[in-house]
Amino acid sequence: MSDFEVQLRAASLRVTRPRLAVLAALRDHPHAGTDAVIALVRADHPTVSHQAVYDVLRVLTDAGLVRRIQPAGATARYESRVADNHHHVVCRSCGAIADVDCAVGHAPCLTASNDHGFVVDEAEVVYWGTCPDCATERTPQRSASSEGST
């Protein structure tokens, strides 16, 4: 039995090809949007409908096997890394997303300065900036001809 099958059964979900395909797509392509997940699933299983993928994403999210993230101004993305309290860094230019582990200790961000009586079980922190690829594109390259002219 595969890890995905074990996860699905542990969540009391039936093991189906679309569910296995979505979990595999998210394992191989973390932070994928819905359209990307549909394309990845349909590349291997062309008979799986768009609606089936939407339904699977909802069921897996509700079961806690998939996490839906939606940084401000961006489309929803999905990831299968759900067993920890991690955060994300988002490129303001291209929208690339990467995981960021908590900075210090055991889930330190779960200790709010004032929790107002809430029992905090999750914290969402999103770091914004420019990814290395976009930063390189923005840095003007000096040409050899411009270096010698004054």
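Residues numbered from 1 in each chain as written. Predicted model: local features only at pLDDT ≥ 70, side-chain atom pairs only at ≥ 80, totals over all residues. Heavy atoms only, no water.

A. Seen up close, the confidence of the model for the chain. Per-residue confidence for the chain gives a mean pLDDT of 86, with 87% of residues at or over 70. Low pLDDT (under 50) marks residues 142-150, which in the prediction has one contact with non-local residues, meaning those over four places away or in another chain. (pLDDT = per-residue confidence, 0-100. Contact = heavy atoms within 4.5 Å.)

B. How the structure looks around the pattern of salt bridges. Taken as a whole and assessed by the stated rule, the structure comprises seven salt bridges. The shortest N-O distance in the salt bridge between Glu-5 and Arg-9 comes to 3.6 Å. Placement of both Glu-5 and Arg-9 in helix 1 (residues 3-10) is noted, with a separation of four residues, approximately one turn of the helix. Here Arg-58 ties to Asp-62 by a salt bridge, and the two come within 3.7 Å at their closest N and O atoms. Residue Arg-58 and its partner Asp-62 are both found in helix 4 (residues 50-62); the two are separated by four residues, about one turn of the helix. Assessed through its relative accessible area of 46%, Arg-58 is described here as partly exposed. (Salt bridge = Lys/Arg side-chain N within 4 Å of Asp/Glu carboxyl O. Helix = DSSP H or I, 4+ residues; strand = E, 2+ residues; numbered from the N terminus. Buried < 20%, exposed > 50% of the residue type's maximum accessible area, 1.4 Å probe, protein only.)

C. View of the sheet that holds strand 2 (residues 67-69). The strand order across the open sheet formed by three strands is 1-3-2, and the pairing between neighbours is antiparallel. Two strands close off the open sheet at either side, each with one partner strand: strand 1 (32-33) and strand 2. The pairing of strand 2 with strand 3 (residues 77-79) spans three bridges and is antiparallel. Bridging across to strand 3, Arg-68 finds its partner in Tyr-78. (Pairing = 2+ DSSP bridges.)

D. Fine view of the sheet that holds strand 5 (residues 97-100). Taken in spatial order, the three strands line up as 5-4-6 in an open sheet, and their pairing is mixed. Strand pairing shows two members of the sheet lacking a second neighbour, strand 5 and strand 6 (126-129), which therefore form its edges. In this sheet, adjacent strand axes meet at a mean angle of 25° when their direction is disregarded. Looking at chain direction, strand 4 (residues 87-91) and strand 5 are connected through four bridges and run antiparallel. Among the inter-strand pairings, Val-90 is bridged to a residue of strand 5, identified as Ile-97. (Axes fitted to C-alpha atoms, helices over the stretch in contact; angles between N-to-C directions.)

E. Seen up close, the nonpolar core. In terms of nonpolar packing, the biggest core is built from 23 residues, with Val-22, Leu-26, Val-37, Val-41, Val-53, Leu-57 and Leu-60 touching the most fellow members. Among the secondary structure elements, those contributing two or more residues to this core are helix 1, helix 2 (17-28), helix 3 (34-44) and helix 4. Beyond its immediate chain neighbours, meaning those up to four positions away, Val-37 contacts Val-22, Leu-26, Ala-32, Val-53 and Leu-57. (Core = buried A, V, L, I, M, F, W, Y, C linked by side-chain atoms within 4.5 Å.)

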